[in-house]
Every structure is written in structure tokens, then in C-alpha cells.
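Inside the fold
Take a look at the letters that make up each chain.
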Amino acid sequence: MDKQKVTLIKGDGIGPEISEAVQLIFLEAGVPIEWEEAEAGLYCIDAYGNGIPQETLDSISRNKIALKAPTTTPIGDGHKSINVTIRKKLDLFANVRPSKSLPGIKTRFDNVDLVIVRENLEDTYGGIEHQQTPEVAQCLRLITRSGSRNAARYAFEMARLTGRKKITCIHKANIQKMTDGLFLNSFKEVGLDYPDIQQVDMLIDNLCMQLVTRPEQFDVLLLPNLFGDIVSDLCAGIVGGLGVAPGGNIGKDSAVFEAVHGSAPDIAGKGLANPTAILLSSLQMLRYMGLGSYAQRIEDGLHAALSEDIKTRDLGGSASTSEFTQGIIERIPAGNISEKQEQARRIIIPHEPLTEQKEPWNIVGVDVFVKSTNGIPQFAETIGLFSIGMISNRGTKVFPGNVSDILMVDCFRCRFYADTTVNQKDVLELLALLPEEYPWMHIELLQNEGSKVLYSKAQGE
Ligand code: NAI
């Protein structure tokens, strides 16, 4: 069988230790792939000015498949997350994270076998954040119809390909009616093409409770990016911890497989790291590539080692990374000479066409976010072609009506309604007419499409 080239990013922290374990296991199992090593990690910053050099991105684009070990992202200031950069540059729109009970790993639950499909590019991960005033920082949460539909379609296609029967779409559409509402509706629309798959939806808070009481009920979970990130770690904990949670980032043209966990700086270089999560990610990769028979043999070796209580410290054992790796290698069943390329589990989802606007959108008002250090801003009842409708602070309505003694910060959302038909120029005029003592920092138009309202009417009461 011809060898296929795969980009290998060893990362930093425990990354090199656990990726070398995978390399060794693949070598011993005779897996027909050739590694092309590429750099990424904290150590690249001095040499390249960022955590991931262009050559690494080029290598993934060329080979279309990569296995990536974790890389450190400084919290707060510092360079952008390497993972987020890779996902965005290569348009890896879906993150697939199986959570399956493993033999020999005792947890509260025995029969967990679920797969998380997480939208991988949008939500708060655009990093569109601004400090509005000394008091207020804001992050834009972007959910698109195309992105949501892509993730949903991937979940349905994956369910069909792997014989899964039910998808639960997770959201918070009771509160985030527009963003999570769009995610949920996209799931329902795409779901019409898959009547053979059972479709349900659930609020994220309820999901968390159900996961820690009856996780066996779930098959495929579909989530927006941030919820998916958090729930992935929760599900990792349910089946034994971060050391056993694999994942794959899937795009139209390429895929990058990586463990859920991070670079674990607390144990780096000590020989304590558990390579199971990245190994399981690499098996996901082999199945994606049509090398499922190799994946199966390695998985058998892993299960045998775990069942015989050969485990790293995070799983309650005492084996070092290399003793555990050796334990797996010794238990991999012999391969069949006629091992053949199988059907690749590669799902190609074409880009969604953009939605066409059916009717013109009319501006019916504008939310103006202003700074005020003197309490609730005072405006004339009408300014230009607009009238003040309401004002909120920290999402709570403070005008009209009486305000009790609540904590108010220095940024107010002031909702102005148009008294007549208005356009963008009229909005600019409104901004120019606002009292100078309330400088504005951003605005959002309130628009309608025919009778359909395109903004949240919630006033935070
Ligand atoms: P972490 O996942 O690195 O570690 C959390 C805890 O789990 C630590 O106690 C660690 O020792 C343990 N742990 C994680 N993986 C393990 C393994 N394979 N074997 C044994 N124990 C393991 O999460 P943390 O500490 O929040 O993040 C550390 C760094 O990793 C941060 O800079 C973060 O941004 C980055 N990170 C990178 C990811 C990636 O490259 N895919 C994903 C998540 C975090």
C-alpha cells in the first residue's frame, strides 16, 4: 500500500512526549503513513513572530491531513491561539469529539458512547472584543446561517455514515433568541433532509444536568462553538478525564486531528503524560483516511493494555508515558499481510449558498451605546427623526420607569425609534446631535424585513 503523507505538529508542553508515543505505535503497527513534521508552539514566537509559521499551514494545506499535539496559549495578553488560527485559516468548520467508555477505566458511568459535533469557527471565537469604557468589555457572538447549517449537515452525514440514530441540538434559544435561535432553526431545516435520524433539541443547562446523571441517553450532540468547547471537557470527565478525550477538526478540504486537552505544563517533561487522547485522535484520523483496519488493531492493543491495568497516573495507574506506550505496542494484534485501503470516512460538505434577502430591510431605530459617568443619560424626547424609547444598563432597563438601587456602570444602551422612514444618513445625524457629555462608542441598527423584526425586542426588564 502506498504511504500517505501526514503533517505532524508536536507542539509544546507534553506535546512532544505524546506525539512521539503515537509515532512509535504507528511504526510498530506498520501503519502506511509518512510523517512530515512541522512546527507550532510557544517556542516559535521568537523565531517567527507568532506561534505557527506559514510553512506549517502550507504543509497542512498540501497534505490535507494533520495530527496536532497541544500548544500553549497564554491567557489574557499574548499571541492568538494556534488552534483557533489553524481552524480559521483552513476553514475547519466542524469539531468532532467522541466520548466513549473505555475498558479498564472505572468511572461513574459504564455505557457512554456519544459524539460531540461542535461548530468550530464562529460564536465568540472571532475574538471580536472591545473595551467600551473603563467598566465595560464586550465580545461579539457571531452565529451565521451558513456556518450553523454546515455543522448540522456534517453531524447528520456523520450520523448516517457511522450508524448513529439520534442528534440532540444544544442551545440557549430561550434567552439568545436570535443567535441560538438561528443555530436551532438551521438544525431543523437541514434535518428535513434526514428523516431517518431522530432529532431533538435541549437547553444547554438541562444538557449539563442530564450528562452528569444519564449520559448513556445521548448519541450525537450538536453545539455552537463555546458551549461545545465546555461540554467537550465535561464529556471527557465522564469517560475518564482529559487524558482519554480525542477529537478532529474537519473542513471541506482538510482535517486536523488533536486531543481535547491542552499542553499540561504542570506535568511536561516528567514522563507522566497520558498519550491515549492523542492516540485515539490519530485512530480517528486513520479511519478518516481509509486505514480503519490499522486503527482497529491499535485500538485493540490500547484496550488490552487498559484492561490489564497498564495505566498512566491520571487514570489511577503508575505507568510512565513510555511504559504505557510499550504496553500498548506489546498488545497490538499481528496485522494481516493483505491489509487493504478501506472506504475512507471522509465527508465532503459543500459550502452553503448564501441566503438571498427577500425584501428590503427598513431601519426602524437604532441602539446607541454611550458613555455616561453621571448616571442615566438625559435626552430630549425627540432628536432629529428619532425618539428615545428606552435605556438599559448591563442589560437591565433603567428608563422609562423607576429604577431601584441597582449597580449601574458607565455604559448605557439607548434605544431610539425612528418617527418616520429613515436611512443611514439620518442615523449619522442623530449621532451628531447627541449631547457631547454622552460620547457614543458603537451603534446597532434596528431593522425590519417587511413585518419581520430583525432585532431582539427584549428590554432586560
Ligand atoms: P490542560 O488540558 O493542559 O490541563 C488540565 C489538567 O489536565 C492538568 O492538570 C493536566 O496535567 C491534566 N492533563 C491534560 N492532559 C493530560 C494528559 N494527556 N495526561 C495527563 N494529564 C493531563 O489544560 P490547561 O492547563 O487549562 O491549559 C494548558 C495550556 O494548554 C493553555 O495554554 C491552553 O490554552 C492550552 N490548550 C491547548 C489546547 C490545544 O492545543 N488543543 C487545548 C486546550 C488548552
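Everything below is about the structure shown above.
Attention here is on the structure that accompanies the text. These numbers were taken from a predicted model, which means no experiment stands behind them.

**What about the site of the ligand?**
- Neighbouring the ligand are 20 residues, the closest being Thr71, Thr73, Asn83, Gly262 and Ala264.
- Within the backbone of Ser263, one N or O atom sits 3.0 Å away from an oxygen atom of the ligand.
- Here an oxygen atom of the ligand and a side-chain polar atom of Asp266 are 2.9 Å apart.
- When the free accessible area of the ligand is taken as 810 Å², the share hidden by the protein chains comes to 69%.
- Taken together, the residues of the shell around the ligand sort by class into eight nonpolar, eight polar and four charged.

**Quick look at the packing of aromatic side chains**
- Summed over all chains, the structure comprises seven aromatic pairs.
- Summarising the aromatic geometry, the rings of Phe26 and Trp35 are spaced 5.5 Å apart at their centres and angled 25° between planes, so their arrangement reads as stacked. With respect to burial, Phe26 and Trp35 carry one shared label: buried.
- Note on Phe93 and Tyr154: the rings are 6.3 Å apart at their centroids and 75° apart in plane angle, and the pair reads as edge-to-face. Separated by 61 residues along the polypeptide, Phe93 in the loop between α4 (82-89) and β4 (94-100) and Tyr154 in helix α5 (residues 145-161) bring together distant segments of the chain. Residue Phe93 shares its accessibility class with Tyr154, and that shared class is buried.
- The structure contains a cluster of three or more aromatic residues connected by ring pairs, namely Phe156, Phe187 and Tyr194.
- Just above the ring of Tyr125 sits the side chain of Arg118; from NZ or CZ to the centre is 5.4 Å.
- Over the aromatic face of Phe227 sits the side chain of Arg141, whose NZ or CZ is 5.5 Å from the ring centroid.

What counts as what
- Residues numbered from 1 in each chain as written.
- Predicted model: local features only at pLDDT ≥ 70, side-chain atom pairs only at ≥ 80, totals over all residues.
- Heavy atoms only, no water.
- Near = heavy atom within 4 Å.
- Polar contact = N/O pair within 3.5 Å; in protein donor to acceptor, adjacent residues only side chain to side chain.
- Areas by Shrake-Rupley, 256 points an atom, 1.4 Å probe, with all protein chains shown as cover.
- Nonpolar A, V, L, I, M, F, W, Y, C, P; charged D, E, K, R; others polar.
- Phe/Tyr/Trp six-rings, centres within 6.5 Å; stacked < 30°, edge-to-face > 60°.
- Buried < 20%, exposed > 50% of the residue type's maximum accessible area, 1.4 Å probe, protein only.
- Helix = DSSP H or I, 4+ residues; strand = E, 2+ residues; numbered from the N terminus.
- Lys NZ or Arg CZ within 6 Å of the ring centre and 35° of its normal.

So yeah, pure geometry; function would need other evidence.
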